[in-house]
Amino acid sequence: MASDTDPPKPQTQRYKCPACYKQFNRKLHLIEHMKISYHSVHQPRCWVCQKHCKSFESVREHINNPLAKTNCSKIFAERGCNRCLRVLDSPSALDEHKQMCRLIAPVPLGTKITPCIESNVGSIMDEMQNGKVQRAVAMDCEMVGGGSDGSIDLCARVCLVDEDENIILHTYVQPQIPVTNYRYEVTGLTEDHLRDAMPLNEVQEKITKILHNGESVGRIPPEGGMARLLVGHGIHHDLDCLRIKYPGHLQRDTAKYRPLMKTNLVSHSLKRLTKTYLGYDIQSGIHDPYEDCISVMRLYKRMRGQDHQQVVRLDDGKANCGFDSFRSTELDKKTPDELYEISISDYKCWCLDLSKDCNRRS
């Protein structure tokens, strides 16, 4: 038994991450944690305690799982929006917010055999003169099957919409090899839909013209220039089936966007994302490319519209440029908050697209 005169044991100093609140016994361990966590103002976070998480699903688990923090869970249950995860000032403010946060499902085009729908799209320069920039375009394709077992994906229908949800292009596409499975239960397509469909090379030409928007093919500047951002869900698959190449830095894929992924960074389906973040159901029967286009555009705009803080410039003159710009001895002298200030995200936040569009208007 310890004697009453035994001196108290000194408390071990703990180093707390200011972003995710993990604690470490050694400063070195905190620094290593910060290097691989990529905490930044762009990470999804709990509206109550401001804890940073990898994705919005992680935030939901932080609020709702059996081990959720009591205070966060209680406040969110009273004043939290289940779609955008914001916490409002009062229950009445929450009711008003929910009316705006939940969107109305678009009316599907259906599968009537109609001619190609095409609208004139002005250049970004023309849009700037009119006071509005339509930089993003959403695209979705429906595939039928080719090959002996129908497993080869062939683009049979494509739709593009602008940021105001207007149709830019909608057409059926003539597959280049015979169709062996129309996948009718999903596509609603039959042989009649594709009999007089637009040849693939014409579709490629139209889509390329829309996306490049006057920029030379293969010479799009790193910042995109006048080229448009292409929004979609699993967009690389649509581009592959259309046999179109488009720069990765101009693609905005809701299947691969970090905040919209599962906790283990696996993709959610578009159906799940739409129900969770927009509040309505899609793909309950035949998949409609117009309906999917509208949904991915709305998801993109909701993520783009997040209001994140500006980058902080440190007293030593180094901007928010990551840990590699500092020596180990410099890092060891910094407080946890100063370490957070130099931590940068490992993905491009879509809110930066909006600031770029604002710069175009100025």
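Residues numbered from 1 in each chain as written. Predicted model: local features only at pLDDT ≥ 70, side-chain atom pairs only at ≥ 80, totals over all residues. Heavy atoms only, no water.

*Asks:* For this particular structure, what's the right way to read the layout of surface pockets?
*Replies:* Over the atoms rolls a probe the size of a water molecule, and its path tells where empty space is left. Considering only enclosed or pocket space, the largest pocket measures out at about 730 Å³ in volume. Those elements giving two or more residues to the lining of the largest pocket turn out to be helix 2 (56–64), helix 4 (91–101) and helix 11 (289–304). Among the elements that make up the lining of the largest pocket, the one with the highest residue count is helix 11 (four residues). Partitioning the lining of the largest pocket into residue classes produces 13 nonpolar, seven polar and seven charged. (1 Å grid on protein atoms, 1.4 Å probe; cavity = no way out; pocket = protein on both sides within 12 Å on 5 of 7 lines; lining within 4 Å. Points joined across faces, edges and corners; volume = space filled by probe spheres on them. Helix = DSSP H or I, 4+ residues; strand = E, 2+ residues; numbered from the N terminus. Nonpolar A, V, L, I, M, F, W, Y, C, P; charged D, E, K, R; others polar.)

*Asks:* Help me understand the confidence of the model for the chain, please; the structure alone is not making it clear to me.
*Replies:* When pLDDT is low, close inspection of the predicted coordinates is not appropriate. For the chain, the mean per-residue pLDDT works out to 87, and 86% of the residues sit at or above 70. Within the model, pLDDT remains below 50 along residues 358–362, and this stretch shows eleven contacts once partners closer than five positions in the same chain are excluded. (pLDDT = per-residue confidence, 0-100. Contact = heavy atoms within 4.5 Å.)

*Asks:* For this particular structure, what's the right way to read the environment of aspartate 89?
*Replies:* Within the secondary structure layout, aspartate 89 lies in the loop between helix 3 (70–79) and helix 4. Along the backbone, aspartate 89 and arginine 79 are ten residues apart, and their C-alpha atoms lie at a distance of 7.0 Å.

*Asks:* Quick question: what am I supposed to make of the side chain of serine 295 here?
*Replies:* Secondary-structure assignment places serine 295 in helix 11. Among the polar contacts made by the side chain of serine 295, one reaches the main-chain carbonyl oxygen of glutamate 291 at a distance of 3.0 Å. When residues no more than four places from it in sequence are discounted, the contact partners of serine 295 are Leu270, Thr274, Leu278, Tyr280 and Ile282. (Polar contact = N/O pair within 3.5 Å; in protein donor to acceptor, adjacent residues only side chain to side chain.)

*Asks:* For this particular structure, what's the right way to read the nonpolar core?
*Replies:* One recurring pattern in soluble globular proteins: nonpolar side chains tend to sit buried together. Of all hydrophobic cores here, the largest spans 61 residues; its most connected members are Met139, Val158, Leu160, Ile207 and Leu242. Counting residues per element, this core draws most heavily on helix 11, at eight residues. In terms of nonpolar packing, the next biggest core, distinct from the first, is built from 15 residues, Tyr15, Cys17, Phe323 and Leu339 among them. (Core = buried A, V, L, I, M, F, W, Y, C linked by side-chain atoms within 4.5 Å. Buried < 20%, exposed > 50% of the residue type's maximum accessible area, 1.4 Å probe, protein only.)

*Asks:* Help me understand the packing of aromatic side chains, please; the structure alone is not making it clear to me.
*Replies:* Where two aromatic rings form a pair, the distance of their centres and the angle of their planes describe that pair. Applying the stated criterion to the full structure yields four aromatic pairs. Ring geometry for phenylalanine 56 and tyrosine 277: centres 6.1 Å apart, planes at 70 degrees, overall edge-to-face. Here phenylalanine 56 is found in helix 2, whereas its partner tyrosine 277 is found in helix 10 (residues 270–278), with 221 residues between them in sequence. Looking at tyrosine 277, the relative accessible area reads 5%, which means it is buried. The interplanar angle of 90 degrees and the centroid separation of 5.8 Å between the aromatic rings of tyrosine 257 and tyrosine 347 together place this pair among those described as edge-to-face. Residue tyrosine 257 is located in the loop between strand 10 (251–253) and helix 10, and its partner tyrosine 347 is located in the loop between helix 13 (336–342) and helix 14 (351–361); the two are separated by 90 residues in the primary sequence. Assessed through its relative accessible area of 4%, tyrosine 257 is described here as buried. Through a chain of ring-to-ring contacts, the aromatic side chains of Tyr257, Tyr300, Tyr347 and Trp350 assemble into a single cluster. Across from the ring centre of tyrosine 21, 5.0 Å away, lies the NZ or CZ of lysine 16, which sits over that ring. The cationic tip of arginine 60 hangs over the ring face of tyrosine 277; the distance from NZ or CZ to the ring centre is 5.1 Å. (Phe/Tyr/Trp six-rings, centres within 6.5 Å; stacked < 30°, edge-to-face > 60°. Lys NZ or Arg CZ within 6 Å of the ring centre and 35° of its normal.)

*Asks:* I keep staring at the pairing of strand 4 (residues 136–146) and nothing clicks. Help me out?
*Replies:* Two faces make up the sheet, and in a regular strand the side chains alternate between them. Among the eleven residues that make up strand 4, eleven are buried, leaving the element largely enclosed by the rest of the structure. Of the two faces of strand 4, the one lined by Ala136, Ala138, Asp140, Glu142, Val144 and Gly146 and the one lined by Val137, Met139, Cys141, Met143 and Gly145 are each fully buried. When strand 4 meets strand 9 (residues 229–232), the two strands line up parallel, connected through three bridges. Each residue of the ladder has a partner; that of valine 137, found in strand 9, is leucine 230. The pairing of strand 4 with strand 5 (residues 152–161) spans nine bridges and is classified as antiparallel. Across the sheet, glycine 146 pairs through a bridge with isoleucine 152, a residue of strand 5. In textbook terms, the turn of a hairpin is the stretch between consecutive antiparallel strands, and for strand 4 and strand 5 this stretch comprises five residues, one of which, glycine 147, has a positive phi near 90 degrees. Summarising the sheet, strand 4 and strand 7 (residues 179–181) pair through two bridges and their orientation is antiparallel. Among the inter-strand pairings, glycine 145 is bridged to a residue of strand 7, identified as asparagine 181. (Pairing = 2+ DSSP bridges.)

*Asks:* Is there a simple way to think about the pattern of salt bridges in this case?
*Replies:* Any two side chains of opposite charge can pair if their charged atoms end up close together. All told, the structure shown has 13 salt bridges when counted by the stated rule. Residues arginine 183 and aspartate 153 are paired through a salt bridge, measuring 2.7 Å at the closest nitrogen-oxygen approach. Residue arginine 183 is found in the loop between strand 7 and helix 6 (184–187), and its partner aspartate 153 is found in strand 5; the two are separated by 30 residues along the sequence. The class of aspartate 153 is partly exposed, set by a relative accessible area of 30%. In this structure, the salt-bridge partner of lysine 275 is aspartate 281, at a minimum N-O distance of 3.6 Å. Overall, the relative accessible area of 45% leaves aspartate 281 in the partly exposed class. (Salt bridge = Lys/Arg side-chain N within 4 Å of Asp/Glu carboxyl O.)

*Asks:* Got a minute to help me understand helix 3 in this structure?
*Replies:* Residues that lie three or four places apart on an α-helix share one face, since the helix turns once every 3.6 residues. All of the buried residues in helix 3 are Cys72, Ile75 and Phe76. One side of helix 3 holds all its buried residues, which, seen down the axis, span an arc of 100 degrees. Away from the buried face of helix 3 by more than 90 degrees, exposed residues Thr70 and Ala77 are located. If you follow the buried residues of helix 3, they end up packed against helix 2. (Arc of directions from axis to C-beta.)

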